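# Overview (structure and organization)
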Amino acid sequence: MRKTATTERAGRIPAQPGPRDATGGGADASPLPSADASIEESLMTEPVEDSVIPGADPAVDSVIPGAGPAAVRPGERPTVRLREDGPGEQPRYAPEWLELREPADASARAHDLLDPLRIRLANLPGKAGLVIHDLGCGTGSMGRWLAPLLDGPQHWILHDRDPYLLHFAAVASPRVAADGSRVTVETRRGDVARLTPDALSGASLVTASALLDVLTREEIDTLAEACTGAGCPALLTLSVAGRVELTPSHPMDTEIMEAFNAHQRRSGLLGPDSVTAACEAFSERGATVRLNPSPWRLGPAEAALTAQWLRGWVGAAVEQRPELKESADRYLRDRLEACEAGELTVLVHHTDLLALSRPTGGAA
């Protein structure tokens, strides 16, 4: 089944929270116009295909790309790595999935890390405004969450490998900070493996959401080296912790969770081990690291997200362990029925990390 990016699934991408004017326009305020209307038209009509787990029942197991295994190049990893197959390649993360999870992400992120971050940002030398690099920005949900929580002028530099997602991030970026100061934005296609301190020269902050767990140890070291070398803090949110709690419980819960975690660690990726690796990488380079839990709490009101998450979670487990397929299909049907009936709650554990690097002359 094919759907365009403007087809409703959980909502329309252009209607997601976006820029507000300085007078406090509401949710219906028009987004910023695209710099190139022809690009906007082509992006709005580019098809995004459902991903189906090989051999699965599409009625049960169709997965929005990004929520689980996606039918793209074998071995491809959903990082900010530059893609090489041209602009016609299907996005690894469908905007529909990013939109569906955005409210849960915003509710989960650890507000307790914001006060130490604000103190560090307020004490930056020679500050005339904040320059914030958002790595793997997707459709820009981190900026929509964080920019209205920080005071002062902000310039966000949005990094992603996918121009399709960068378009949405730019169009739906916030315009004003917590104190009414102006927020501006630019987009860059980039690769976290090539990030250097020079690339972050003048940066006040580096952010990322749901990124660490799809990186290798080498890539996390590169990220830590770039941030500490530039002397800027890093707020890295919503990394999977490898623990899921479903209520009511089911005998297969643990087996599916362990298979999913093994899938997260494939091909050298760190998955649930990423936060520990990032703590070590930043601490070894002199940064002070703080951690806070940031779980998704999914109940009947989040049934659409829960259903897609379940399909992706179980699908990844089956991809890792194909022998589970028959029992996992039954498990998924049972869980989806409970979800639809409003009888299922899920706690998906994540961790947020704040690394406060020692300021250097390269910091803003």
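Here we summarise the structure given alongside this text. Remember, predicted model here, so these are calculated numbers, not experimental data.

Secondary structure assignment for the protein yields 11 helices and 12 strands. Within the span of the protein, comprising 364 residues, buried residues form 56% of the whole. Pairs at least 24 residues apart make up 82% of the contacts formed inside the protein by residues separated by at least 6 positions. Looking at the protein as shown, the accessible area adds up to about 15200 Å², and 50% of this sits on carbon and sulfur atoms.

Moving on to unusual backbone geometry. Trans is the prevailing form of peptide bonds, just as negative phi is the prevailing case for residues other than glycine. With an omega of 0°, the peptide bond between Thr-247 and Pro-248 qualifies as cis. Considering the arrangement of structural elements, one finds Pro-248 in the loop between strand S9 (234-247) and helix H8 (253-264). With phi around 60°, Leu-238 is a residue other than glycine that occupies positive phi space. In this structure, Leu-238 sits in strand S9. A relative accessible area of 1% places Leu-238 in the buried class.

This paragraph deals with the side chain of His-263. Checked against the element boundaries, His-263 lands in helix H8. Take His-263: its relative accessible area is 5%, and that puts it in the buried class.

Quick look at the packing of aromatic side chains now. Across all of its chains, the model carries 3 aromatic pairs by this definition. Summarising the aromatic geometry, the rings of Tyr-164 and Phe-168 are spaced 5.4 Å apart at their centres and angled 90° between planes, so their arrangement reads as edge-to-face. Of this pair, Tyr-164 and Phe-168 both sit in helix H6 (residues 163-171), separated by 4 residues, roughly a single helical turn. Relative accessible area serves as the criterion here: at 3%, Phe-168 is assigned to the buried category.

This brings us to the pattern of salt bridges. A full pass over the atoms with the stated rule returns 12 salt bridges. We note a salt bridge from Arg-101 to Asp-105, for which the minimum N-O separation is 2.8 Å. Of this pair, Arg-101 and Asp-105 are both found in helix H3 (residues 95-108), 4 residues apart, which corresponds to roughly one turn of the helix. One salt bridge connects Arg-188 with Glu-186, and the closest N-O pair in it is separated by 3.3 Å. The exposure class of Glu-186 is partly exposed, given its relative accessible area of 30%. One continuous salt-bridge network, built from bridges that share partners, spans Glu-255, Arg-321 and Glu-323.

Spacing of three or four residues puts side chains on the same side of an α-helix, whose turn is 3.6 residues. Listed as buried for helix H9 (residues 274-284) are Ser-274, Val-275, Ala-277, Ala-278, Cys-279, Ala-281 and Phe-282. Where H9 is buried, its residues contact helix H7 (217-230), S9, strand S10 (288-293) and strand S12 (345-356).

This paragraph deals with the pairing of strand S5 (residues 130-135). Burial within S5 is extensive, with 5 of its 6 residues counted as buried. Note that S5 and strand S6 (residues 154-159) share 6 bridges and pair parallel. The residue of S6 that forms the bridge with Ile-132 is Trp-156. In this fold, S5 hands off to helix H5 (residues 141-146), which returns the chain to S6; that crossover is right-handed. As judged from the 4 bridges shared by S5 and strand S8 (residues 205-209), these two strands associate in the parallel manner. Residue pairing across strands places Asp-134 opposite Thr-207, the latter belonging to S8.

Extensive coverage of S8 is indicated by the burial of 5 of its 5 residues. Burial along S8 is two-sided: the residues Leu-205, Thr-207 and Ser-209 and Val-206 and Ala-208 are all buried. With 4 bridges connecting them, S8 and S9 associate as parallel partners. Following the sheet pairing, Ser-209 is matched in S9 by Thr-237.

Attention shifts here to the state of the cysteines. What is meant by a disulfide is a covalent connection between two cysteines, made through their sulfur atoms. Inspection of every chain in the model, using the stated rule, returns 0 disulfides. Sulfur of Cys-227: no disulfide; nearest cysteine sulfur belongs to Cys-232 and is 4.7 Å away. Overall, the relative accessible area of 1% leaves Cys-232 in the buried class.

Moving on to the environment of Ser-204. Position of Ser-204 relative to the elements: it lies in the loop between strand S7 (183-188) and S8. Looking at Ser-204, the relative accessible area reads 0%, which means it is buried.

Calculation criteria
Residues numbered from 1 in each chain as written. Predicted model: local features only at pLDDT ≥ 70, side-chain atom pairs only at ≥ 80, totals over all residues. Heavy atoms only, no water. Helix = DSSP H or I, 4+ residues; strand = E, 2+ residues; numbered from the N terminus. Buried < 20%, exposed > 50% of the residue type's maximum accessible area, 1.4 Å probe, protein only. Contact = heavy atoms within 4.5 Å. Areas by Shrake-Rupley, 256 points an atom, 1.4 Å probe, with all protein chains shown as cover. Phe/Tyr/Trp six-rings, centres within 6.5 Å; stacked < 30°, edge-to-face > 60°. Salt bridge = Lys/Arg side-chain N within 4 Å of Asp/Glu carboxyl O. Pairing = 2+ DSSP bridges. Right-handed = clockwise from strand over helix to strand, strands pointing away. Disulfide = S-S within 2.5 Å.

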